[in-house]
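This is what each chain is made of:
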Amino acid sequence: MIVTLNDAAEIETVRRALVERGLWVRPLQEPGSSGRVQFLVEEGSASVPAEDLRAIRGVEAVATGEVCYPRVRAQPPTVEIHGVRIGPTPDAAPLIMAGPCSVESKEQIRAIATRLGRLGVRFLRGGAYKARTRPDSFQGHGAAALGWLRDAADEQGMSVVTEAVGVEELEPVAEVTDLVQIGSRNMHNTPLLKAAGRCGKPVLLKRGMAATLDEWLHAAEYCLSHGAPAVLFCERGIRSFDPSTRNVLDLGAAVLLAHVYRQPVIVDPSHAAGRRDLIAPLCYAALAAGAAGLMLETHDDPGRALSDGPQALHADEIAAIVGAVRRAESRYSRRSS
Ligand code: PEP
Ligand code: MN
(Lines give C-alpha, C1' and ligand atoms only; values in the text may rest on other atoms or scores of the structure.)
(Ligands and ions follow the chains in the order given, each with its own letter.)
Protein backbone atom coordinates (compact mmCIF):
# COMPACT_ATOMS: atom_id res chain seq x y z
CA MET A 1 0.00 0.00 0.00
CA ILE A 2 1.24 3.53 -0.79
CA VAL A 3 0.07 6.65 1.00
CA THR A 4 0.56 9.88 -0.95
CA LEU A 5 0.52 13.19 0.92
CA ASN A 6 -0.86 16.46 -0.37
CA ASP A 7 1.22 19.62 -0.70
CA ALA A 8 -0.09 21.13 2.54
CA ALA A 9 0.54 18.01 4.66
CA GLU A 10 2.64 18.15 7.79
CA ILE A 11 4.79 15.17 6.97
CA GLU A 12 5.81 14.19 10.48
CA THR A 13 2.24 14.49 11.77
CA VAL A 14 0.96 12.21 9.03
CA ARG A 15 3.78 9.73 9.61
CA ARG A 16 2.90 9.58 13.32
CA ALA A 17 -0.79 9.11 12.53
CA LEU A 18 0.09 6.14 10.32
CA VAL A 19 2.40 4.58 12.92
CA GLU A 20 -0.25 5.02 15.64
CA ARG A 21 -2.57 2.86 13.52
CA GLY A 22 -0.05 0.03 13.56
CA LEU A 23 1.51 0.66 10.17
CA TRP A 24 5.21 0.31 9.44
CA VAL A 25 5.98 3.01 6.99
CA ARG A 26 9.00 3.92 4.93
CA PRO A 27 9.34 7.17 2.96
CA LEU A 28 9.72 6.56 -0.76
CA GLN A 29 11.69 9.73 -1.43
CA GLU A 30 15.13 10.64 -0.17
CA PRO A 31 15.13 13.26 2.61
CA GLY A 32 15.06 16.78 1.21
CA SER A 33 13.81 15.73 -2.26
CA SER A 34 11.32 17.96 -3.98
CA GLY A 35 8.08 16.45 -5.28
CA ARG A 36 5.25 14.63 -3.59
CA VAL A 37 5.90 12.76 -0.36
CA GLN A 38 4.84 9.13 -0.25
CA PHE A 39 5.02 6.41 2.36
CA LEU A 40 5.23 2.73 1.53
CA VAL A 41 3.31 0.63 4.06
CA GLU A 42 5.51 -2.41 4.72
CA GLU A 43 4.23 -5.98 4.69
CA GLY A 44 3.17 -7.24 8.11
CA SER A 45 1.61 -3.92 9.14
CA ALA A 46 -1.80 -3.86 10.82
CA SER A 47 -4.72 -4.14 8.47
CA VAL A 48 -6.34 -0.71 8.29
CA PRO A 49 -9.06 0.12 5.73
CA ALA A 50 -7.87 2.52 3.05
CA GLU A 51 -10.82 4.89 3.80
CA ASP A 52 -9.52 5.38 7.34
CA LEU A 53 -6.15 6.40 5.97
CA ARG A 54 -7.68 8.71 3.38
CA ALA A 55 -9.45 10.47 6.24
CA ILE A 56 -6.15 11.50 7.86
CA ARG A 57 -5.49 15.20 7.38
CA GLY A 58 -2.73 15.63 4.79
CA VAL A 59 -3.34 12.34 2.96
CA GLU A 60 -4.19 12.82 -0.69
CA ALA A 61 -4.40 9.23 -1.95
CA VAL A 62 -4.00 5.64 -0.84
CA ALA A 63 -3.05 2.98 -3.37
CA THR A 64 -3.77 -0.55 -2.25
CA GLY A 65 -2.45 -3.94 -3.34
CA GLU A 66 1.02 -5.33 -3.82
CA VAL A 67 3.22 -2.73 -5.39
CA CYS A 68 6.31 -3.35 -7.50
CA TYR A 69 7.89 -0.13 -8.72
CA PRO A 70 5.85 1.85 -6.18
CA ARG A 71 6.99 5.29 -7.26
CA VAL A 72 6.36 4.55 -10.93
CA ARG A 73 2.95 3.13 -10.13
CA ALA A 74 2.10 6.19 -8.08
CA GLN A 75 2.87 8.55 -10.99
CA PRO A 76 -0.23 10.10 -12.49
CA PRO A 77 -0.72 8.66 -16.01
CA THR A 78 -0.24 12.04 -17.64
CA VAL A 79 2.40 14.71 -17.25
CA GLU A 80 1.91 18.33 -18.22
CA ILE A 81 4.85 20.31 -19.52
CA HIS A 82 4.15 23.93 -20.50
CA GLY A 83 0.51 23.25 -21.15
CA VAL A 84 1.15 20.08 -23.18
CA ARG A 85 -0.42 17.00 -21.67
CA ILE A 86 1.53 13.79 -22.30
CA GLY A 87 0.31 10.30 -21.47
CA PRO A 88 -1.81 7.29 -22.35
CA THR A 89 -5.20 8.92 -21.91
CA PRO A 90 -7.71 10.23 -24.45
CA ASP A 91 -7.22 13.86 -23.34
CA ALA A 92 -3.54 13.75 -24.36
CA ALA A 93 -2.91 14.03 -28.11
CA PRO A 94 0.16 12.23 -29.49
CA LEU A 95 3.18 14.42 -28.88
CA ILE A 96 5.99 14.84 -31.38
CA MET A 97 9.48 15.73 -30.21
CA ALA A 98 11.80 16.41 -33.10
CA GLY A 99 15.09 17.96 -34.06
CA PRO A 100 18.57 17.05 -35.14
CA CYS A 101 20.67 14.38 -33.47
CA SER A 102 23.28 17.04 -32.64
CA VAL A 103 22.94 20.78 -32.34
CA GLU A 104 25.54 21.69 -34.97
CA SER A 105 25.33 25.49 -35.13
CA LYS A 106 23.10 28.39 -34.14
CA GLU A 107 21.88 28.68 -37.75
CA GLN A 108 21.22 24.96 -38.12
CA ILE A 109 19.06 24.61 -35.01
CA ARG A 110 17.24 27.86 -35.76
CA ALA A 111 16.34 26.73 -39.28
CA ILE A 112 15.12 23.34 -38.07
CA ALA A 113 13.14 24.87 -35.18
CA THR A 114 11.45 27.30 -37.56
CA ARG A 115 10.45 24.48 -39.86
CA LEU A 116 9.18 22.32 -37.00
CA GLY A 117 7.43 25.23 -35.31
CA ARG A 118 5.44 25.84 -38.51
CA LEU A 119 4.34 22.21 -38.44
CA GLY A 120 3.06 22.65 -34.89
CA VAL A 121 5.74 20.48 -33.26
CA ARG A 122 5.90 21.51 -29.59
CA PHE A 123 9.18 19.94 -28.40
CA LEU A 124 12.59 20.63 -29.91
CA ARG A 125 15.24 17.99 -29.37
CA GLY A 126 18.96 18.21 -30.07
CA GLY A 127 22.13 16.97 -28.44
CA ALA A 128 24.51 19.55 -27.04
CA TYR A 129 26.56 16.87 -25.30
CA LYS A 130 26.73 13.65 -27.29
CA ALA A 131 27.29 10.17 -25.92
CA ARG A 132 29.05 8.55 -28.86
CA THR A 133 30.32 5.02 -29.15
CA ARG A 134 33.62 6.17 -30.68
CA PRO A 135 35.80 8.80 -29.06
CA ASP A 136 36.72 10.21 -32.48
CA SER A 137 33.09 10.94 -33.40
CA PHE A 138 31.60 14.42 -32.92
CA GLN A 139 30.99 14.92 -29.21
CA GLY A 140 28.71 17.98 -29.39
CA HIS A 141 29.26 21.72 -29.00
CA GLY A 142 28.43 21.56 -25.28
CA ALA A 143 27.37 24.68 -23.38
CA ALA A 144 27.28 26.87 -26.50
CA ALA A 145 24.84 24.47 -28.15
CA LEU A 146 22.55 24.56 -25.11
CA GLY A 147 22.15 28.32 -25.59
CA TRP A 148 21.46 27.97 -29.33
CA LEU A 149 18.91 25.26 -28.64
CA ARG A 150 17.06 27.27 -26.00
CA ASP A 151 17.00 30.43 -28.14
CA ALA A 152 15.74 28.53 -31.19
CA ALA A 153 12.99 26.87 -29.15
CA ASP A 154 11.97 30.16 -27.52
CA GLU A 155 11.59 31.85 -30.89
CA GLN A 156 9.02 29.21 -31.80
CA GLY A 157 7.40 28.86 -28.37
CA MET A 158 8.67 25.29 -28.15
CA SER A 159 9.88 23.25 -25.17
CA VAL A 160 13.35 21.73 -25.11
CA VAL A 161 14.49 18.17 -24.53
CA THR A 162 18.22 17.51 -24.42
CA GLU A 163 20.57 14.97 -22.91
CA ALA A 164 22.81 15.18 -19.87
CA VAL A 165 25.61 12.68 -20.51
CA GLY A 166 27.05 12.84 -16.99
CA VAL A 167 26.56 14.33 -13.55
CA GLU A 168 28.83 17.22 -14.51
CA GLU A 169 26.63 18.19 -17.46
CA LEU A 170 23.42 17.94 -15.49
CA GLU A 171 23.47 21.43 -14.03
CA PRO A 172 23.96 23.32 -17.31
CA VAL A 173 21.42 21.07 -19.02
CA ALA A 174 18.82 21.47 -16.27
CA GLU A 175 19.18 25.24 -16.48
CA VAL A 176 17.96 25.38 -20.08
CA THR A 177 15.89 22.27 -20.70
CA ASP A 178 12.25 21.52 -19.96
CA LEU A 179 12.82 17.76 -20.03
CA VAL A 180 16.13 16.12 -19.12
CA GLN A 181 17.05 13.25 -21.41
CA ILE A 182 18.99 10.34 -19.96
CA GLY A 183 20.45 8.40 -22.85
CA SER A 184 20.48 4.71 -23.50
CA ARG A 185 24.15 4.37 -22.57
CA ASN A 186 23.43 5.92 -19.18
CA MET A 187 20.28 4.13 -18.08
CA HIS A 188 22.34 2.13 -15.58
CA ASN A 189 24.33 5.15 -14.36
CA THR A 190 22.81 5.43 -10.89
CA PRO A 191 24.69 8.59 -9.80
CA LEU A 192 23.33 10.31 -12.91
CA LEU A 193 19.79 9.00 -12.31
CA LYS A 194 19.90 10.35 -8.76
CA ALA A 195 21.27 13.70 -9.89
CA ALA A 196 18.61 13.91 -12.61
CA GLY A 197 15.95 13.31 -9.97
CA ARG A 198 17.40 16.00 -7.74
CA CYS A 199 17.48 18.64 -10.49
CA GLY A 200 13.70 18.92 -10.27
CA LYS A 201 12.92 18.71 -14.00
CA PRO A 202 10.88 15.88 -15.56
CA VAL A 203 13.07 13.14 -17.00
CA LEU A 204 12.92 11.39 -20.37
CA LEU A 205 14.49 8.04 -19.56
CA LYS A 206 15.71 6.14 -22.58
CA ARG A 207 15.83 2.39 -22.33
CA GLY A 208 19.29 0.89 -22.09
CA MET A 209 20.11 -0.97 -25.29
CA ALA A 210 20.15 -4.30 -23.46
CA ALA A 211 17.99 -3.42 -20.47
CA THR A 212 15.08 -5.52 -19.31
CA LEU A 213 11.81 -3.82 -18.54
CA ASP A 214 12.44 -4.49 -14.86
CA GLU A 215 15.80 -2.70 -14.99
CA TRP A 216 14.24 0.19 -16.86
CA LEU A 217 11.44 0.56 -14.32
CA HIS A 218 13.95 0.46 -11.48
CA ALA A 219 16.01 3.15 -13.18
CA ALA A 220 12.85 5.28 -13.16
CA GLU A 221 12.44 4.50 -9.47
CA TYR A 222 15.92 6.00 -8.90
CA CYS A 223 14.90 9.26 -10.56
CA LEU A 224 11.56 9.43 -8.75
CA SER A 225 13.05 8.56 -5.36
CA HIS A 226 15.38 11.54 -5.72
CA GLY A 227 12.65 14.02 -6.52
CA ALA A 228 11.93 13.86 -10.26
CA PRO A 229 8.45 15.33 -10.71
CA ALA A 230 7.80 12.80 -13.52
CA VAL A 231 9.53 10.20 -15.65
CA LEU A 232 8.64 9.57 -19.28
CA PHE A 233 9.86 6.29 -20.73
CA CYS A 234 11.53 6.34 -24.14
CA GLU A 235 11.69 3.07 -26.07
CA ARG A 236 14.50 3.45 -28.61
CA GLY A 237 15.16 -0.11 -29.65
CA ILE A 238 17.15 -2.89 -28.09
CA ARG A 239 20.10 -4.86 -29.33
CA SER A 240 19.55 -8.11 -31.19
CA PHE A 241 21.46 -10.68 -33.23
CA ASP A 242 20.23 -9.16 -36.50
CA PRO A 243 22.13 -6.21 -37.99
CA SER A 244 19.41 -5.49 -40.61
CA THR A 245 18.17 -2.63 -38.48
CA ARG A 246 20.27 -0.64 -36.02
CA ASN A 247 18.21 -1.98 -33.10
CA VAL A 248 14.90 -3.78 -32.64
CA LEU A 249 12.00 -1.54 -31.70
CA ASP A 250 10.33 -3.34 -28.82
CA LEU A 251 6.72 -2.32 -29.20
CA GLY A 252 5.68 -5.08 -26.81
CA ALA A 253 7.42 -3.14 -24.06
CA ALA A 254 5.63 0.03 -25.16
CA VAL A 255 2.27 -1.76 -24.96
CA LEU A 256 3.09 -3.16 -21.54
CA LEU A 257 4.16 0.21 -20.16
CA ALA A 258 1.28 2.13 -21.69
CA HIS A 259 -1.58 -0.29 -21.20
CA VAL A 260 -0.62 -2.29 -18.11
CA TYR A 261 1.49 0.20 -16.15
CA ARG A 262 -0.36 3.27 -17.54
CA GLN A 263 2.87 5.19 -18.09
CA PRO A 264 3.73 7.88 -20.62
CA VAL A 265 5.84 6.20 -23.32
CA ILE A 266 7.66 8.05 -26.05
CA VAL A 267 8.84 5.89 -28.94
CA ASP A 268 12.01 6.81 -30.82
CA PRO A 269 11.96 4.94 -34.14
CA SER A 270 14.97 6.93 -35.42
CA HIS A 271 17.51 5.22 -33.16
CA ALA A 272 15.65 1.92 -33.40
CA ALA A 273 15.63 1.68 -37.19
CA GLY A 274 18.80 3.59 -37.98
CA ARG A 275 17.48 4.28 -41.49
CA ARG A 276 14.95 6.87 -42.53
CA ASP A 277 12.85 4.73 -44.87
CA LEU A 278 11.53 2.61 -41.99
CA ILE A 279 10.60 5.45 -39.68
CA ALA A 280 7.14 6.48 -40.88
CA PRO A 281 5.53 3.00 -40.58
CA LEU A 282 7.19 2.50 -37.20
CA CYS A 283 5.66 5.79 -36.02
CA TYR A 284 2.16 4.62 -36.83
CA ALA A 285 2.78 1.22 -35.26
CA ALA A 286 4.10 2.92 -32.11
CA LEU A 287 1.03 5.10 -31.73
CA ALA A 288 -1.26 2.13 -32.29
CA ALA A 289 0.70 0.34 -29.56
CA GLY A 290 -0.13 3.08 -27.07
CA ALA A 291 2.82 5.47 -27.32
CA ALA A 292 2.03 8.90 -25.94
CA GLY A 293 4.45 10.43 -28.37
CA LEU A 294 7.32 10.09 -30.81
CA MET A 295 10.88 11.29 -30.81
CA LEU A 296 12.21 11.89 -34.32
CA GLU A 297 15.52 13.00 -35.73
CA THR A 298 15.49 15.39 -38.65
CA HIS A 299 18.08 17.47 -40.49
CA ASP A 300 17.99 20.02 -43.28
CA ASP A 301 20.85 18.27 -45.04
CA PRO A 302 21.08 14.70 -43.67
CA GLY A 303 24.02 13.86 -45.91
CA ARG A 304 26.12 16.40 -44.02
CA ALA A 305 24.85 15.65 -40.51
CA LEU A 306 27.61 15.39 -37.92
CA SER A 307 25.86 12.42 -36.30
CA ASP A 308 23.16 9.91 -37.25
CA GLY A 309 22.66 11.23 -40.80
CA PRO A 310 21.25 7.96 -42.23
CA GLN A 311 18.29 8.06 -39.84
CA ALA A 312 17.60 11.81 -40.09
CA LEU A 313 14.30 12.56 -41.82
CA HIS A 314 14.25 15.09 -44.65
CA ALA A 315 12.02 18.11 -44.20
CA ASP A 316 9.24 16.74 -46.42
CA GLU A 317 9.31 13.34 -44.70
CA ILE A 318 8.80 14.74 -41.22
CA ALA A 319 6.08 17.06 -42.48
CA ALA A 320 4.29 14.03 -43.93
CA ILE A 321 4.56 12.13 -40.64
CA VAL A 322 3.30 15.06 -38.57
CA GLY A 323 0.35 15.48 -40.94
CA ALA A 324 -0.50 11.79 -40.90
CA VAL A 325 -0.31 11.61 -37.10
CA ARG A 326 -2.75 14.53 -36.82
CA ARG A 327 -5.17 13.02 -39.32
CA ALA A 328 -5.08 9.52 -37.90
CA GLU A 329 -5.05 10.56 -34.22
CA SER A 330 -8.62 9.53 -33.52
CA ARG A 331 -8.16 6.07 -35.00
CA TYR A 332 -5.45 4.86 -32.63
CA SER A 333 -6.49 2.14 -30.29
CA ARG A 334 -4.96 4.00 -27.33
CA ARG A 335 -7.85 6.46 -27.49
CA SER A 336 -10.44 3.80 -26.89
CA SER A 337 -8.56 2.00 -24.12
C1 PEP B 1 19.96 10.61 -28.97
O2 PEP B 1 18.78 10.76 -28.64
O3 PEP B 1 20.55 11.37 -29.75
C4 PEP B 1 20.69 9.41 -28.49
C5 PEP B 1 22.00 9.41 -28.40
O6 PEP B 1 19.89 8.39 -28.21
P7 PEP B 1 20.18 6.98 -27.46
O8 PEP B 1 20.65 7.33 -26.09
O9 PEP B 1 18.84 6.34 -27.51
O10 PEP B 1 21.21 6.26 -28.28
MN1 MN C 1 21.04 10.41 -32.59
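In this text the structure is predicted, and so the values were computed from the model without any measurement.

### As for the site of ligand 1
Link 1 in the chain: Around ligand 1 sit Cys101, Arg125, Lys130, Glu163, Gln181, Gly183, Ser184, Arg185, Lys206, Arg236, His271 and Glu297, and those are all the residues in its vicinity.
Link 2 in the chain: Take Ser184: an N or O atom from its main chain is 2.8 Å from an oxygen atom of ligand 1.
Link 3 in the chain: Between an oxygen atom of ligand 1 and a side-chain N or O atom of Lys206, the distance comes to 2.9 Å.
Link 4 in the chain: Protein contacts shield 97% of the accessible area of ligand 1, which totals 290 Å² for the unbound molecule.
Link 5 in the chain: The class makeup of the residues in the shell around ligand 1 is one nonpolar, four polar and seven charged.

### With respect to the pairing of strand S12 (residues 231–235)
Link 1 in the chain: Of all five residues in S12, five are buried, a share of seventy percent or more.
Link 2 in the chain: Alternating residues of S12 divide into Val231, Phe233 and Glu235 and Leu232 and Cys234, and every residue in both groups is buried.
Link 3 in the chain: Of the strand pairs in this sheet, strand S11 (residues 203–206) and S12 are connected by four bridges, and their pairing is parallel. Each bridged residue has a counterpart across the sheet, and for Leu204 the counterpart in S12 is Leu232.
Link 4 in the chain: On the question of chirality, the crossover connecting S11 to the parallel S12 by way of helix H8 (residues 213–225) is right-handed.
Link 5 in the chain: Bridge analysis of S12 against strand S13 (residues 265–267) gives three bridges, and the strand direction is parallel. Within S13, the position partnered with Phe233 by the bridge is Val265.
Link 6 in the chain: In this region the chain leaves S12, passes through helix H9 (residues 251–260) and returns to the parallel neighbour S13; the handedness of that crossover is right-handed.

### Focus: the sheet that holds strand S8 (residues 123–125)
Link 1 in the chain: As summarised here, the arrangement of the eight strands in space is S7-S8-S9-S10-S11-S12-S13-S14, forming a closed barrel in which the pairing is parallel. On average, each strand axis in the sheet is inclined to that of its neighbour by 25°, with strand direction left out of account.
Link 2 in the chain: Across the sheet, helix H4 (residues 106–119) is in contact with strand S7 (95–99) and S8; its angle to S8 comes to roughly 150°.
Link 3 in the chain: Across the face of the sheet, H8 comes into contact with S11 and S12 while running at roughly 150° to S12.

Reading guide: rules and limits
Residues numbered from 1 in each chain as written. Chains lettered and ligands numbered in written order. Predicted model: local features only at pLDDT ≥ 70, side-chain atom pairs only at ≥ 80, totals over all residues. Heavy atoms only, no water. Near = heavy atom within 4 Å. Polar contact = N/O pair within 3.5 Å; in protein donor to acceptor, adjacent residues only side chain to side chain. Areas by Shrake-Rupley, 256 points an atom, 1.4 Å probe, with all protein chains shown as cover. Nonpolar A, V, L, I, M, F, W, Y, C, P; charged D, E, K, R; others polar. Buried < 20%, exposed > 50% of the residue type's maximum accessible area, 1.4 Å probe, protein only. Helix = DSSP H or I, 4+ residues; strand = E, 2+ residues; numbered from the N terminus. Pairing = 2+ DSSP bridges. Right-handed = clockwise from strand over helix to strand, strands pointing away. Axes fitted to C-alpha atoms, helices over the stretch in contact; angles between N-to-C directions. Contact = heavy atoms within 4.5 Å.

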